[in-house]
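Tertiary structure, described
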Amino acid sequence: QVQLVESGGGFVQAGGSLRLSCAASGSTLSTMGWFRQAPGKEREFVATTNWGGSLTNLADSVKGRFTISRDNAKSTVYLQMNSLKPEDTAVYYCAARLWGARSNRPDDYHYWGQGTQVTVSS
C-alpha cells in the first residue's frame with residue numbers, strides 16, 4: 001500500500017520560507033505533485049515533477065518563488081517555498097501517480113498524503 005507523509009508545514013511571516021517534504025513508501029511512483037487547498041476554495045495545482053526530477057511544472061502563482069524537487073534514493077519529494085505571501089496560506093497536499101506524465105489535474109493522481117498546514121501572516 002502506498003503511503004505519502006508530508007512534513008515541514010508551519011507558521012511563517014510574509015517574505016519567509018518553508019520547505020515541505022513528502023516521504024513515499026510502498027511502491028515505485030512516477031509523477032509526483034503538490035496541491036493546496038485554502039478554506040472555502042477548491043484544491044489547486046501547485047507543482048509537479050517527473051520520475052527523474054528533470055522536468056517540472058509550476059502554477060503561475062508560484063513561479064519564481066517555489067521549487068519542486070525529488071530524491072528517489074530517499075523516496076522523497078520537496079517543495080521549497082520562498083517569498084511566501086498570505087495568499088499562500090492553505091493545506092498543502094502531496095500526490096503521486098503510479099504511471100503517467102506530469103499533470104495539473106487532481107483526478108490524475110492515484111495517491112494523496114494527509115496534508116500539512118502552511119500559514120503565512122502579513
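For the structure, check the block above.
Notes on the structure follow. For clarity, every value in this text was computed on a predicted model and none was experimentally measured.

How each quantity is defined
- Residues numbered from 1 in each chain as written.
- Predicted model: local features only at pLDDT ≥ 70, side-chain atom pairs only at ≥ 80, totals over all residues.
- Heavy atoms only, no water.
- Buried < 20%, exposed > 50% of the residue type's maximum accessible area, 1.4 Å probe, protein only.
- Helix = DSSP H or I, 4+ residues; strand = E, 2+ residues; numbered from the N terminus.
- Pairing = 2+ DSSP bridges.
- Disulfide = S-S within 2.5 Å.
- Contact = heavy atoms within 4.5 Å.

Our next topic: the pairing of strand β1 (residues 3-7). What you see with β1 is a clean split: L4 and E6 sit on the buried side and Q3, V5 and S7 on the side with no burial. As judged from the five bridges shared by β1 and strand β3 (residues 18-25), these two strands associate in the antiparallel manner. Bridging across to β3, E6 finds its partner in C22.

Each disulfide consists of a covalent bond between the sulfur atoms of two cysteine residues. Inspection of the entire model under this criterion finds one disulfide. Paired through a disulfide, C22 and C94 show a sulfur-sulfur distance of 2.1 Å. Taking the torsion about the sulfur-sulfur bond, which here is approximately -75°, the covalent link between C22 and C94 counts as left-handed. On the criterion of sequence distance, the pair formed by C22 in strand β3 and C94 in strand β9 (residues 90-96) is long-range, its members being 72 residues apart. Accessibility expressed as a relative area gives 0% for C94, which makes it buried.

Relative to the helices and strands, S21 resides in strand β3. Looking at S21, the relative accessible area reads 16%, which means it is buried. Residues contacting S21, with those up to four places away along its chain left out, are V5, E6, S7, W34, T76, V77 and Y78.

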